[in-house]
Structures are given as C-alpha cells and as structure tokens.
Amino acid sequence: MKIEMQCVKYQSKLHHGKWNIAIVGDAIDKRGEAAREFASCQADVVAECTYNADLFEIRIDGQSYQVDSAKAAFESLGAGRVLLEATTLGFVEVYLACRALRACGRTEVSLLYVEPLEYVAPRGQLLHRRDFELSDEVPGFIPVPGAMILLEDKRSQRGVFFLGYEEGRLDRAMEDHPIIPSKTSVVFGVPAFQPGWEMDAFANNARVLRDRSISGGVHFCGAQNPKAAYQILKQVLDECESDEEMFVAPIGTKPHGIGAALFAAEHMDVGILYDHPKRKKHRTSEVSSWHLYDVNFK
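The structure contained in this document is the topic of the report that follows.

So, how was this worked out
Counting restarts for each chain, with residues numbered from 1 along the sequence as it is written. In keeping with the model being predicted, local features are shown solely for residues with a pLDDT of at least 70 and side-chain atom pairs are shown and tallied solely at 80 or more, while totals for entire chains, interfaces and linings include all residues. Side-chain descriptors were evaluated using all non-hydrogen atoms of the structure, hydrogens and water having been removed beforehand. The disulfide criterion is simple: two cysteine sulfur atoms within 2.5 Å. Under the scheme applied here, a residue whose accessible area is under 20% of the maximum for its type counts as buried, over 50% as exposed, and between as partly exposed, the area being computed with a 1.4 Å probe on protein chains only. At least two DSSP bridges between two strands are required for those strands to pair. A helix here means a DSSP run of H or I that spans at least four residues, while a strand means a run of E at least two residues long, and both kinds are numbered starting from the N terminus. The set of buried Ala, Val, Leu, Ile, Met, Phe, Trp, Tyr and Cys residues whose side-chain atoms join them within 4.5 Å is what this entry labels a nonpolar core. Working rule for contacts: check all heavy atoms of both residues, and any pair within 4.5 Å makes them a contact.

Thoughts on the state of the cysteines
One covalent bond between the sulfur atoms of two cysteine residues makes up a disulfide.
Then step 1. In total, this model carries zero disulfides according to the counting rule given.
Then step 2. The thiol of C7 is unpaired, and the distance to the nearest cysteine sulfur, on C221, comes to 15 Å.
Then step 3. Residue class for C7 comes out partly exposed when judged on its relative accessible area of 47%.
Then step 4. Residue C104 stays outside any disulfide, its sulfur separated by 12 Å from that of C98, the closest cysteine.

Encoded structure:
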C-alpha cells in the first residue's frame, strides 16, 4: 500500500484534483464545518455516512445497510475518485469505507483531516489541566463486524493501542477484556499536533500503564502521520508468532486511526478493539493545519 501525504496551513494551498464522490460525517466543530464545506466544493456528489454500533448498520444518505452489505452500499454511489472526509467521519466509518472500496476494486482513495487549533478544557478546571472532555458517552468495546477478535484467557495474542488524552478508554479495555499486558504495546503521537501536547497524553496514561503492568513496548510516530502508524502495525504483525493473533485499538489521534483503518482493511485477519465514543460537540476551537492523504491500495 502506498500513502502520500500533503500538509498545509490553509486548504486553499492543497494540491488536489476534483473528486467525483465525497463521503462525510457530522460536523461537531468549526474544523468539521470547514472540512465539509471543502468537500462540498470539490466533489460532484456528497454523501453523509454514519455507523450504528448497536444495530451493526451503516447509513449512507438516509439509507441503512447491514455491514455485510457495505460493499454494495458504496458501489451504489457510483464510479470515480473518492474523498473520505475523516475529520467528520468516525473511525469505524473510515474503516468500513476503506474495506468496501478496496473490495469494490478501487485502487485509490483520498482522505482529508483538519487539525484543531486547540482542545477545549472544562470550565473551572484548575487541578487537572491535562483533562479534556472529548466524549459525551463511551458505550464500550463493541465488536466491529468483519474485524472481530476473540479475547480469551491464555489465548496467544498481540495488541497495539494508539493512545490519546482519555486514559479511561485504555483502563476500561484492560478491565473488561483478558488482554495480556506483556504482549500489549502502545503508540503515542510524537511529534504531537502542537509542541507539548504529547505530555498530556503521557501524563494521562502513565497511571494505567503502570497499574496494568503494560510492558509489550512503547512506539512513537507523528500524531498526523497515518503512514507511520501503518508501518508500526506492519512491524508488529511481522514479529507475531505463527500461533498469535493480532488486534489494534485505535483510541488515539484520527490520523493514527486512518493508518489503523487502512491496515485492518488490507489485513483481514487483524482484529479491531474499539469503544465507539460519541464525540462531544464544540470540543475544539478554530482550525489548524490541513492534511490530505492519497492512498493507493496496490
């Protein structure tokens, strides 16, 4: 798989061509609104996509499909170049779209991601300045169809967690599932989107890493770099023993989630552990850098 990346401060400087289809999600902040506006201006057709984790359904432009029919759902949008607007799409939507488009025989897809200028901390927060309320609700680690993994005691496994600010997500995964700490590695976004932000992720996850004795290794890759995230996963997979199963938990940055989605779409034997958070509206303020990722599945 080939991944080419562009990063600019302003979307007007992106080197791009017009897309036939743009697939977008719900805009919950200014950067999402800006990203959707860009997609609308650059594509002939814009389709909104959401995933229902309780019903295992994907909804595209008001029409619901079972995940097993995702390939047909994306084929129904027509042929041509596709843009996935990953700022507004959730991780599962990105993964299902990549998997379905690849199964349809598409060889190329573009993904757009817009960084936040800053995250909004809760008002009146003095003692815990590193805490951010990024999610209204986190339902829990519900299996993703087509990427399920059976986690059992004494089962041979290798896990990779991409980490962000919310320590509770890692802690809950370790509490709810018989994950082997010595075979679990973590990935931090370094360099971060902005200098110093990586310290928030380190500080917020340090207790869980210590208390849960997670010791499978620590990796670092740019918070905005899905290609590096993909390469880390490939390295871990290559190191797996023949009797080991691998899973990935993309609970860090969205670009890391893009890398994980692309990797899982290509390696169907790799499981996904994901907790389907409901993103909090207005959790970020203003718009920072724009990233365009051009992917060739071949």
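Moving on from the model shown.
A closer look at the pairing of strand β5 (residues 63-66)
Then step 1. As defined by bridge partners, strand β4 (residues 57-60) adjoins β5 across four bridges and the pair is classed as antiparallel. Bridge assignment links I58 to a residue of β5, and that residue is Y65.
Then step 2. The loop that links β4 with its antiparallel partner β5 comprises two residues; one of these, D61, has a positive phi angle of about 50 degrees.

Remarks on the nonpolar core
Then step 1. With 82 residues, the main nonpolar core has F74, L84, Y95 and F161 as its most contacted residues.
Then step 2. Ranked by the residues each element gives to this core, the list is headed by helix α3 (residues 91-103), at nine residues.
Then step 3. The residues contacting Y95, other than those within four sequence positions of it, are V144, P145, G146, A147, A261, A264, A265 and I272.
Then step 4. A22, L83, L112 and L292 belong to the second-largest nonpolar core, a separate cluster that totals 14 residues.

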